[in-house]
Structures are given as C-alpha cells and as structure tokens.
Amino acid sequence: MQVISAPYEFNADDVFVNLETVIGQRLMLKCEGFNFAGSIKLKAAHAMVSAAERSGQLRPGSTLVESSSGNLGVALSLVAASRGYRFICVTDSRCTLGARQLMEVFGSEVHVITKPDPVDGLLGARIKYVRDLCADNEGFLWLNQYANPNNWQAHYQLTGPEILKAFPDLGTLFVGAGTTGTLMGCARYLREQKPSVRIVAVDAVGSVTFGGPPEPRHIPGLGTGVRPALFDESVVDDVVMVAEPDTIRACRRLARHGFLFGGSTGTVVSGAAAFLAEHPLADGESAVAIAPDLGDRYLDTVYQDAWVTDLYGPDVLQDTVRAEAR
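Just so it is clear, the model here is predicted, and its values are computed rather than measured.

Criteria and cut-off values
- Residues numbered from 1 in each chain as written.
- Predicted model: local features only at pLDDT ≥ 70, side-chain atom pairs only at ≥ 80, totals over all residues.
- Heavy atoms only, no water.
- Helix = DSSP H or I, 4+ residues; strand = E, 2+ residues; numbered from the N terminus.
- Expected span 1.5 Å × (residues − 1).
- Contact = heavy atoms within 4.5 Å.
- Pairing = 2+ DSSP bridges.
- Axes fitted to C-alpha atoms, helices over the stretch in contact; angles between N-to-C directions.
- Phe/Tyr/Trp six-rings, centres within 6.5 Å; stacked < 30°, edge-to-face > 60°.
- Buried < 20%, exposed > 50% of the residue type's maximum accessible area, 1.4 Å probe, protein only.
- Lys NZ or Arg CZ within 6 Å of the ring centre and 35° of its normal.
- Salt bridge = Lys/Arg side-chain N within 4 Å of Asp/Glu carboxyl O.
- 1 Å grid on protein atoms, 1.4 Å probe; cavity = no way out; pocket = protein on both sides within 12 Å on 5 of 7 lines; lining within 4 Å.
- Points joined across faces, edges and corners; volume = space filled by probe spheres on them.

A.B. asks: So what exactly am I meant to see when it comes to helix α5 (residues 121-136) here?
C.D. replies: Residues spaced three or four apart along an α-helix face the same direction, because each turn holds 3.6 residues. Here α5 contains 16 residues, and its C-alpha end-to-end distance of 23 Å stays within 8% of the 22 Å for a straight helix at 1.5 Å per residue. Packed against the buried residues of α5 are β3 (63-67), β4 (86-92), β5 (109-113) and β6 (140-142).

Written as structure tokens, this is what we have:
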C-alpha cells in the first residue's frame, strides 16, 4: 500500500507495453501517463518548482507563469494548487479543450494566444506574452521550461535510470522532441551509463528544432517554432521526422488494440516503427520508446473523425482501417 499526502508524490514508473503485435517490431513503450497530472511533465514541473523554492525565487505569494501547449500547464497547475501558488498558463489555440479545463479545475488562469508572431509563430507569441506579464507584475515568476536545466535534470535523475533498470540490454531509445527536456536528460544519462545505446529523437514535420522549415502544426506536444535553449544535438544519434497524418494513423491503430495514447505518443511510435523497419535490432537488444501521456485529452481532436478529416482529409481514416484489415 502506498499512502501519499501530495499529488506529485505518486508516479507509476515501471509500466511498459510490448508493441510487437501492434506494429510488427520489437518495441517496448514506457507509459508516463499514470500519475495525477496524466503525463511525464509532472516530473519537470515538480523539479522546476522545487528548485525555484530552494533558490528563493519562489516565495509565498508568488505567481507562477509558464508557456505550455497543455501537459506542462496541467502539471504545474497541480503542483501550484498543492503548494498554494497562483499559476497562469499561457497557451495557444492548439491546446486541447480537456487540458484547458483541467488547468481551470485546479484553479489556474489560462490565457490563449491566437495570433502568431510573424517570425516565431504561436510559440514566439506565447513567450513574448509571458515576458510582458512578468515585466509588468511584481512577484510573477517565469519558470521557462525551454531553458530551465531542472527540466532535463528531472529525466537524468528519474526517467533515464528507470528505463535502464528495466532494460539493461537497451540498444535503442526513441524520445520525442518538444522542449527537449526529456530527450536531453535521458540522452545524457545513457551517454554516461551505457554509451552504446542509440538515441533516436522523433520530431514533428514543421518543427524547427533540427533545422527544418517551419510549417503549420495542429497537434500539441512535440515540435516547436523556436529552437529550445536546452537542446544539444551532439547527444542525439539519429532523427526521425513524422508528418501529422502518420501521427493520427499510429494513435488510431493503437486505439484499435485497446491502447489510448496522446498525439506525442502516436508520433513517437510511428517514427520508431519506421526506424526499426530500416535498422533492425541486434539479437539480445531491446528498443524502448517513451509515451508522454494518455489519449483522453485528445478525444475531440486526434480521435474525432470530423476534426481529422477537416484537417487531413478522409484518406487518413481509411488508411487506418485498411492497415488493421491487413
């Protein structure tokens, strides 16, 4: 029996799904959605808030401010509510309705940006709004997940060790790239503990992180319009770019096997399946991918037929049905 007094004290860190029967490749999926925030972002949220308290930046009466596409905003809302802080999340129109509602239930304020910056897109506009809020209001603190070292250190201390403990024969790790906190933390840990592991970053087409041109993206989570300050390409071995229709196909294929995951997970699974098809694992090696969250917050987007066909056309849904029939 586990008894907790704060919601961030619980996280199921040892749940893995064997996807071989789903995608036809030997791949283990680490499920990070089994906590009270519903995503891997709880680790970073707790780490950043705790560090700000230790440093004296965050004091009673302070107001936390952060830019988030959804999951970190929910995690920070939970941590702020449990520790007695006011929290303002600055998001944009891609944030799911479920995530916005959760933040508000926890008592947070949600500011939705609808007009993109001419150069840096919606993320750039969100960051500018956050900077202006903090400049105009004494006691406002921006944690800045894009540059805060406690973001990646949370995964260096927790996620990386959890994976290697479960799979000491790890050969390839697939990690989605958003702020790159999870990617950097896991990659740095494995570079030290088992440098033979191949680190494969999975990103969304239209993201600028790996130097590609910016393009419109509709699924929150992975990808960015501004290269993250945390990102260090030297610890990444390979990169797979996934188009959003392939994200949809992967999510819905998983759902037809009873696994409801979020858009980021669909992207990572799609990228991992494509990579393993071209780079088979050696005998005795394991491959692991990280699933940042579950799919309940995407019921009105990724899993909503009208939303999908309006943005990507009906072929995406038909392709999923045909693939399952095969």
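A.B. asks: What's the story with the sheet that holds strand β9 (residues 238-242) in this structure? I'm lost.
C.D. replies: An order of β1-β2-β10-β7-β8-β9 is seen for the six strands of this open sheet, with the pairing classed as mixed. In this open sheet, the two edge strands, each paired with only one partner strand, are β1 (16-18) and β9. Adjacent strand axes in the sheet meet at a mean angle of 25°, parallel and antiparallel pairs treated alike. Bridge count for strand β2 (residues 28-31) against strand β10 (residues 286-291) is four bridges, and the pairing is parallel. Across the sheet, the residue bridging to K30 is I290, located in β10.

A.B. asks: How should I be thinking about the packing of aromatic side chains in this particular structure?
C.D. replies: The geometry of an aromatic ring pair comes down to the distance between the two centres and the angle between the two planes. Tallied over the entire structure, the rule returns eight aromatic pairs. Between Y156 and Y189, the ring centres sit 5.8 Å apart and the planes meet at 85°, which makes this aromatic pair edge-to-face. Note that Y156 is positioned in helix α6 (residues 149-166) and Y189 in helix α7 (residues 181-193), a separation of 33 residues in sequence. The class for Y156 is partly exposed, based on a relative accessible area of 25%. Judged by centre distance (5.7 Å) and plane angle (75°), the ring pair of F174 and F275 falls under edge-to-face. One end of the pair, F174, is in strand β7 (residues 170-176); the other, F275, is in helix α9 (residues 263-278), with 101 residues separating them in the sequence. Clustering of aromatic rings is evident, with ring pairs tying together W152, Y156 and Y189. When the ring centre of W152 is taken as origin, the NZ or CZ atom of R188, which lies over that ring, is 4.4 Å away.

A.B. asks: Help me out: how do you make sense of the pattern of salt bridges in this one?
C.D. replies: Between side chains of opposite charge, a pair can form as their charged atoms come close. Applying the stated rule across the entire model yields 15 salt bridges. Note that E32 is salt-bridged to K30, the shortest N-O span being 2.5 Å. Residue classification places E32 among the buried positions, given a relative accessible area of 0%. Salt bridges sharing common partners tie together K30, E32, K43 and E162.

A.B. asks: Which parts of the structure should I look at to understand empty space enclosed by the protein?
C.D. replies: Which parts of space are left empty comes out when a probe the size of a water molecule is rolled across the atoms. In total, this model carries two cavities of 30 Å³ or more according to the counting rule given. Space inside the largest cavity adds up to approximately 510 Å³. Taken together, 37 residues form the lining of the largest cavity, with K41, S69, G178, G221 and L222 sitting closest to its centre. Mapped by element, the contributors of at least two residues to the lining of the largest cavity are α3 (71-83), α5, β7 and α7. Per-element accounting of the lining of the largest cavity gives the leading share, three residues, to α7. Counted as a void, the second largest cavity has a volume near 60 Å³. Every residue lining the second largest cavity is listed: A204, R217, I219, P220, L222, E244, T247, G263, S264 and T267. At the level of secondary structure, the elements contributing two or more residues to the lining of the second largest cavity comprise α8 (244-255) and α9.

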